Amino acid sequence: MKIGSPSGRHHTPLIALTAVVGLALGTGCSTSSEGSGGATAAAGASKKINVVAAENFWGSIATQLGGDHVSETSIITSPDTDPHAYEPTAANARTVASSQYVITNGIGYDTWTTKLLAANPVPGRQSLIVGDLVGLKEGDNPHRWYSPDDVHKVIAQITADYKKLDPADAAYFDTQKTTFENQTLGQYDQLISTIKSKYAGTPIGASESIVSPLSDSLGLKMLTPASFLKAISEGSGPTAGDKATIDQQIKGKQVKVYIYNSQNSTPDIAAQVKAAKAAGIPVATVTETLTPAGASFQQWQTTQLQGIEQALSQATGR
């Protein structure tokens, strides 16, 4: 999906949102006047931390780490919704107004969340901006849920934040984290390790930059020009030189596997997929958000990794 420019299509009616948030605060968010301990006290009393995630891939992780001690709402849940260009609704504002913990991706991916949070400053609320956590800024690759290392960093930070919001249940959250990392993500982590040990160095092509963090983690060799990957992700036109390079890579079978984001298929990408299949190059598919929408993070990612592993096996005979 395309990343819009900050001054492009990310316009939100702040006056309307502020008015809605003000109403929400006046009628239902009494903890905001209790100082920095308000949200913590509420969480401890109810045993339910009210969590809002901008996107459902982070929301799925947050839900599983919180177990029955959190209540999580994801704003972006439909595979047909473009997180980059999303315009928040009044209902979103009310949801954020009552939140105790907010998770956003950052790195220019969901700038609309900044507007929602700025319109609703609640003392005591914790927030996690994934880009800040991993030390990246706007202009860097925002698709951090495709980086296994970053996923584990997020897991650790969410757990730490839950313990801060609800210290009485710290041991519970530690147990949830251990179970999630050692058991729930077991197949996900094993596939990553297996693919890397078996296929590291294999040259691949891709449709956009969403594949890059995963490719790096798997030790695969990305031949598609980085400028092309970024152009497709940002919704700008790739150069003729980049397209010619990719055409030659596919025609000459320099790439062994082609991986594409099916939720962002431009005419150029459709032509590359067709050419790859015609050349006998296996094609694997990934998506931007949870697919199907009700899948868990690990179900979604494991299915995609299995597809990539099968394509690599087919391409290399191993």
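Because the structure is a prediction, the values reported are computed rather than measured. The residue numbers shown here count from 1 along each chain, following its written sequence. Where totals are concerned, whole chains, interfaces and linings use all residues; where local detail is concerned, this predicted model gives features only for residues with pLDDT of at least 70, and gives and counts side-chain atom pairs only at 80 or more. Hydrogens and water molecules were not included; the side-chain quantities draw on all heavy atoms of the structure.

(A) Spotlight on the pattern of salt bridges. Salt bridges are defined as contacts in which a side-chain nitrogen from Lys or Arg sits within 4 Å of a carboxyl oxygen from Asp or Glu. Using the criterion set out here, one finds seven salt bridges in the structure. Measuring nitrogen to oxygen at the nearest pair gives 2.8 Å for the salt bridge that ties Arg 144 to Asp 150. Buried, partly exposed and exposed residues are distinguished by accessible area as a fraction of the type maximum, computed with a 1.4 Å probe on protein chains only: under 20%, between the cut-offs, and over 50%, respectively. Classification of Asp 150 as buried rests on a relative accessible area of 6%. One continuous salt-bridge network, built from bridges that share partners, spans Arg 144, Asp 150 and Lys 153.

(B) Local environment of the sheet that holds strand E1 (residues 49-55). Pairing is parallel across the open sheet formed by four strands, whose spatial order is E2-E1-E3-E4. Either end of the sheet is taken by a strand with one partner, and the two such strands are strand E2 (70-76) and strand E4 (126-129). On average, adjacent strands in this sheet sit at an angle of 15° to one another, irrespective of strand direction. The pairing of strand E3 (residues 101-104) with E4 spans four bridges and is classified as parallel. Considered in E4, the bridge of Tyr 101 is made with Gln 126. Throughout, a contact is declared for two residues whenever any of their heavy atoms are within 4.5 Å. A fitted line through C-alpha atoms represents every axis, and for helices the fit uses only the stretch in contact; the resulting angles, taken between N-to-C directions, go from 0 to 180 degrees. Only DSSP runs of H or I reaching four residues or more are called helices, and only runs of E reaching two or more are called strands; each is numbered from the N terminus. Together, E1, E2 and E3 form the strand contacts of helix H3 (residues 56-66), whose direction differs from that of E2 by roughly 175°. DSSP calls a pair of strands paired once it identifies at least 2 bridges connecting them.

(C) Representation of the pairing of strand E8 (residues 283-286). Residues of E8 alternate between two faces, with Ala 284 and Val 286 buried on one and Val 283 and Thr 285 left unburied on the opposite face. Bridge count between strand E7 (residues 257-261) and E8: four bridges; the pairing is parallel. From the neighbouring strand, Tyr 260 faces E8, where its bridge partner is Thr 285. In this view, the connection linking E7 to its parallel neighbour E8 by way of helix H13 (residues 267-278) has right-handed handedness. For crossovers, right-handed means that the path from the first strand over the helix to the second runs clockwise, given strands pointing away from the viewer.

(D) Just helix H12 (residues 240-251), in detail. What a helix should span is 1.5 Å times the count of its residues minus one. Across its twelve residues, H12 extends 16 Å between first and last C-alpha, which sits within 8% of the 16 Å expected from 1.5 Å per residue. For H12, every residue scored as buried is listed here: Asp 242, Ile 246, Gln 249 and Ile 250. Relative to the axis of H12, the buried residues are bounded by an arc of 95° and lie together on one face. In H12, the exposed positions angled more than 90 degrees off the buried face are occupied by Ala 240 and Lys 251. Of the surrounding elements, those touching the buried residues of H12 are helix H11 (226-234) and H13. Arc definition: it is the arc formed by the directions from the helix axis to the C-beta atoms.

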